[in-house]
Amino acid sequence: MFGQYLKTILQLILAPRKAWSDVAEDDPNPARVLERGLYPLMAIMALTAFCHGFYGAEPFQIGRALESALGQFLSLFLTVMIARGAFESLMPPMQTEKVPMARIANVTSFSTGILAIINIIANLCPIDLAIFWFLPAFLIVVLWHAAEYLSIREDRYAQFIILAISVLIILPILFNFILSLVL
């Protein structure tokens, strides 16, 4: 299942419209997507946070690396939970028909998986590059194509994208910032 999850994420990055139609065809169980896809990917992301500590000019500090790993994991975990709740409560007026909650759960799980992969790449890169701050913007394209999968009315696409950007891009950045101050 983990391999299928990564394959779907890669397809979402390369061909989002086709990927969402394939996800609709496969109709994956959202609990399995979380348990066997997103959560292991987030664990890998947390482990790669330790790698970033080895590259810096300062000596490696296990406490600092642990704080970074915990902060990254918690920010994405909280994002998944809040995004699902926000989508489930705010999306119905935007939809042409009622879609199963499983679709909403899958959109949040796959979108958050893309953010986890961006974090993994940033953690493994020995220098901080500004491009890593802009890579989450690519998620907008993936979410735009998810609108059809979620049966969003065409006149409500902009409203859906604003909601999706708020809960799936801005929220994890905000959580990461707050957790870096607290931890």
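Keep in mind it's a predicted model, so treat the numbers as computed, not measured.

Quick look at helix α1 (residues 2-14) now. The first and last C-alpha atoms of α1 sit 18 Å apart over 13 residues, in line with the 18 Å expected at 1.5 Å per residue. Buried residues in α1 make contact with α2 (16-26), α3 (30-55), α5 (101-124) and α7 (139-149).

Here we take up the packing of α1 against α5. Each pair of packed helices gets described by two things: the angle between the helix axes and the distance between those axes. Between α1 and α5, whose axes approach to 10 Å, the crossing angle comes to 85°. Classified by the angle between their axes, α1 and α5 sit roughly perpendicular to one another. Together, Tyr-5, Leu-6, Thr-8, Ile-9, Leu-12 and Ile-13 of α1 and Ser-109, Phe-110, Gly-113, Ile-114 and Ile-117 of α5 make up the contact between the two elements. Residues of the contact of α1 with α5, tallied by class, amount to eight nonpolar, three polar and no charged.

On to the pattern of salt bridges, then. Should their charged atoms come close, side chains of opposite charge can pair. Inspection of every chain in the model, using the stated rule, returns three salt bridges. With a shortest N-O distance of 2.8 Å, Asp-22 and Lys-18 are connected by a salt bridge. Of this pair, Asp-22 and Lys-18 both sit in helix α2, separated by four residues, roughly a single helical turn. Given a relative accessible area of 47%, Lys-18 falls into the partly exposed group. Between Arg-64 and Glu-67 there is a salt bridge, with its nearest N and O atoms 3.4 Å apart. Placement of the pair is Arg-64 and Glu-67 together in helix α4 (residues 62-90), with a separation of three residues, close to one helical turn. Taking the relative accessible area as the measure of exposure, Glu-67 reaches 32% and is therefore partly exposed.

Procedures and definitions
- Residues numbered from 1 in each chain as written.
- Predicted model: local features only at pLDDT ≥ 70, side-chain atom pairs only at ≥ 80, totals over all residues.
- Heavy atoms only, no water.
- Helix = DSSP H or I, 4+ residues; strand = E, 2+ residues; numbered from the N terminus.
- Expected span 1.5 Å × (residues − 1).
- Contact = heavy atoms within 4.5 Å.
- Axes fitted to C-alpha atoms, helices over the stretch in contact; angles between N-to-C directions.
- Parallel < 35°, antiparallel > 145°, perpendicular 65-115°, else oblique.
- Nonpolar A, V, L, I, M, F, W, Y, C, P; charged D, E, K, R; others polar.
- Salt bridge = Lys/Arg side-chain N within 4 Å of Asp/Glu carboxyl O.
- Buried < 20%, exposed > 50% of the residue type's maximum accessible area, 1.4 Å probe, protein only.

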